[in-house]
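For reference, the chains in residue letters:
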Protein chains: 2
Amino acid sequence: MDLRTSYQQTSHQLSGHGKRTVGVLQQAFAEVDPNQVSDHYGTGEVIMRFEQKMAQELGMEDAIFFPSGTMAQQIALRIWADETGNRNVAYHPLCHLEIHEQDGLKELHHLEAILLGDDDRLMTLDEVKALPDVACLLIELPQRELGGYLPPFKELETISQYCRERGIRLHLDGARLLETLPYYEKTAEEVCALFDSVYVSFYKGIGGIAGAILAGPKPFCADARVWKRRYGGDLIGLYPYIIPADYYYELRKDRMGTYVEQAKELARRFNAIDGVWTTPEVPVTNMFHLHLEGDDEAVAARIQSVQETTGVGVTGYLVPHDHYCSTEISIGDAYGEIDEHQLNRLFEQLEQ
Amino acid sequence: MDLRTSYQQTSHQLSGHGKRTVGVLQQAFAEVDPNQVSDHYGTGEVIMRFEQKMAQELGMEDAIFFPSGTMAQQIALRIWADETGNRNVAYHPLCHLEIHEQDGLKELHHLEAILLGDDDRLMTLDEVKALPDVACLLIELPQRELGGYLPPFKELETISQYCRERGIRLHLDGARLLETLPYYEKTAEEVCALFDSVYVSFYKGIGGIAGAILAGPKPFCADARVWKRRYGGDLIGLYPYIIPADYYYELRKDRMGTYVEQAKELARRFNAIDGVWTTPEVPVTNMFHLHLEGDDEAVAARIQSVQETTGVGVTGYLVPHDHYCSTEISIGDAYGEIDEHQLNRLFEQLEQ
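The paragraphs below set out a description of the structure included in this document. As the structure is a prediction and not an experimental result, all values here were calculated from the model.

Some words on the sheet that holds strand β10 (residues 287-293) of chain B
Within a sheet, adjacent strands bond to each other through the backbone by hydrogen bonds, running parallel or antiparallel. Residue and element names in this part refer to chain B. Spatial ordering of the open sheet is given by β9-β10-β13-β12, a layout of four strands whose pairing is antiparallel. Both outer strands of the open sheet, β9 (276-279) and β12 (319-320), are each paired with one neighbouring strand and no more. Relative to strand β13 (residues 324-330), β12 runs antiparallel, the two being bridged by two bridges. Pairing of Val319 across the sheet is with Ser326, part of β13. Sheet contacts for helix α14 (residues 296-310): β9, β10, β12 and β13; angle to β10, the most-contacted strand, approximately 115°.

Overview of the sheet that holds strand β13 (residues 324-330) of chain A
Residue and element names in this part refer to chain A. Taken together, the four strands give an open sheet; going across it, the order is β9-β10-β13-β12, and neighbouring strands pair in antiparallel fashion. The strands lining the two open edges of the sheet, one partner per strand, are β9 (276-279) and β12 (319-320). Bridge count between strand β10 (residues 287-293) and β13: seven bridges; the pairing is antiparallel. Its bridge partner lying in β13, Leu292 is registered against Cys325. The strands touched by helix α14 (residues 296-310) are β9, β10, β12 and β13; relative to β10, the strand with the most contacts, the crossing angle is about 115°.

What about the packing of helix α3 (residues 45-58) of chain A against helix α12 (residues 239-252) of chain A?
Residues and elements named next belong to chain A. As a packed pair, α3 and α12 sit with axes 10 Å apart at the nearest point and diverge in direction by 40°. Taken together, the axis directions place α3 and α12 in an arrangement best described as oblique. Between α3 and α12 lies a crossing of left-handed hand. Across the interface between the two elements, Val46, Ile47, Phe50, Lys53, Met54 and Glu57 from α3 touch Tyr239, Ile242, Ile243, Ala245, Asp246, Tyr249 and Glu250 from α12. A per-class count over the contact of α3 with α12 returns nine nonpolar, no polar and four charged.

Observations regarding the packing of aromatic side chains
A full pass over the atoms with the stated rule returns 26 aromatic pairs over all chains. Between the aromatic rings of Tyr183 of chain B and Tyr184 of chain B, the centroid separation amounts to 5.6 Å while the plane-to-plane angle is 50°, which identifies the pairing as tilted. Classification of Tyr183 of chain B as partly exposed rests on a relative accessible area of 40%. In this structure Tyr184 of chain B comes out as buried when scored by relative accessible area, which is 6%. In this structure an aromatic cluster arises from ring pairing among Phe50, Phe65, Phe202 and Tyr249 of chain A. Residue placement shows Lys228 of chain A over the ring face of Phe66 of chain A; its charged tip is 5.7 Å from the ring centre.

Focus on unusual backbone geometry
Across the junction of Leu141 of chain A and Pro142 of chain A, the peptide omega takes the value -15°, indicating a cis bond. Position of Pro142 of chain A relative to the elements: it lies in the loop between β5 (136-140) and α8 (153-166). Note the cis peptide between Thr279 of chain B and Pro280 of chain B, where omega equals -10°. In this structure, Gln102 of chain A is a non-glycine residue whose phi angle is positive, near 50°. Note on Gln102 of chain A: relative accessible area 41%, which makes it partly exposed. Positive phi, close to 70°, is recorded for His323 of chain A, a residue that is not glycine. Looking at the secondary structure, you find His323 of chain A in the loop between β12 and β13. On the accessibility criterion, His323 of chain A (67% relative accessible area) is exposed.

Scoring rules and cut-offs
- Residues numbered from 1 in each chain as written.
- Chains lettered and ligands numbered in written order.
- Predicted model: local features only at pLDDT ≥ 70, side-chain atom pairs only at ≥ 80, totals over all residues.
- Heavy atoms only, no water.
- Pairing = 2+ DSSP bridges.
- Helix = DSSP H or I, 4+ residues; strand = E, 2+ residues; numbered from the N terminus.
- Contact = heavy atoms within 4.5 Å.
- Axes fitted to C-alpha atoms, helices over the stretch in contact; angles between N-to-C directions.
- Parallel < 35°, antiparallel > 145°, perpendicular 65-115°, else oblique.
- Left-handed = near helix turned anticlockwise from the far one by under 90°.
- Nonpolar A, V, L, I, M, F, W, Y, C, P; charged D, E, K, R; others polar.
- Phe/Tyr/Trp six-rings, centres within 6.5 Å; stacked < 30°, edge-to-face > 60°.
- Buried < 20%, exposed > 50% of the residue type's maximum accessible area, 1.4 Å probe, protein only.
- Lys NZ or Arg CZ within 6 Å of the ring centre and 35° of its normal.

What follows is the structure, given as structure tokens:
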């Protein structure tokens, strides 16, 4: 058996909200009136009501539901590039657009990316200030591929002010925006106020099926609706994603503080083991990277043995480095369903 | 009350499969095991099994499920343009890419379209033969915006052979492919054998929620999967569309012959009324355009009165021309639910 199969066979998991099954959709639709009509190419109550609700939650003028964040963010950057007449945009080297989208931004829009920050740290204010003229700066909160670091809110404010003075549009990759609010002790609206446009996802901390909101000023959103049609994202019915997005948003939006506290507690227990550590050492959101000393074969065998003995899934994959391996832990509802006894056994096993 | 509202309030409709409501999704998922796992970014049993099934049905090497036909077809043309090193593609002036996609093909891919045929007729073999060098010719079967005309199968064979000899890729816009099979007396595989790539939709005659299949040779599909990621169409879970697509495909794929016969019968009855006619006069698929003499106000009032008296919806919109108005009729399950008495009353009312 491999690590992935071993993980899939566990009855409980440290990360997530439980398995991604058809039941997630069925639960969200169980109480919905069968006579409720579908949205229709971006119009209709089901989509317009949710877009308006999210615009209000984020404190933006308007909002658009997209099938994916990939589509939403490429479009955001393209609009800002067209508006400023500048083909350069800036973001972190581990930005989703740089590493997960098969160069869609470059292939579809011929925009150039200037990379700020490094593979093991966030971008700095000095790096932002040293930027050449760019249309837009994208900031991801938290920086997922680093394990979920956040810059201090004060620094964000300074960056925001600096960008406004220089005419650089500031876009928030807020795939996990709600997950940052406990640390910042701010509302979503207060964070978004620093940005010109914002994307949020509904299948990370929220645990919906798929889909995203892109929010910004009205003229920006009018353009984004045209681009959504061009991309083939203006589906005749997006309600199969919208209704679960709304359902799980209401279910989980107020649980982020709990997830963050649980992530801190869990990281503390991992850091107490020799040859095991997390980044951040003290999580600032619901996620962190977990590192274990040893080559990938040895580490996989160790985790697999723990998973098979305790029934608790730690991870299904490892990223090997020199002398250690890494994986991502991201807390959702599943963690709370593990009882203390099981968790103690997991850490006893892991220490052996 | 306007015509659209009057149509929405009817209990029966000539066109479609009944109202597009959440019940359409709930019905498709009612018997699905809640533990069935989601697809995962294009992998997993639910998506791969359906893609393989559709590849087989269409007789193509491989197939990919897309959220929309807009996305699928732009990508198909882009791949053929790259493969042949030619930026020109050819299609009918009423092609979906030309009139419904906000110029996505041009804005995202900078391809040039050469238009063949005219607003009131299909393209001809002579026009195809007069083409300059192009990467790809797209043929839509049936031509929806004309009311559903089809070229003779013999002519398709000649066009196909001609394109192969000249190295022009032939792409089938088969949004309504199944709807053509009764007229051609062919299998889907036999029609697709004339083409290099094929797109089919799951929410026209099939009546699913949304989604499309793009099928073609293996290297073409490998490229298309990369482009699907670039577009943001490679969602973490497409099963909310795939499971209904499969469900309604199985439910309705063998009903197309009935729909076509019903369309013929209905068109015959419309054509028997003075100042009312259809194109085609004798439908070749499940659809036709319905034309009524008079300005749009008079025609709307006439239809509205019929709808209110009989409870049978004819249409919710009109396209005004000089001296007459047009609308589209497209037969699905809803037509069969109207009893003969209601239908007779509708035609009696309409003749007054």
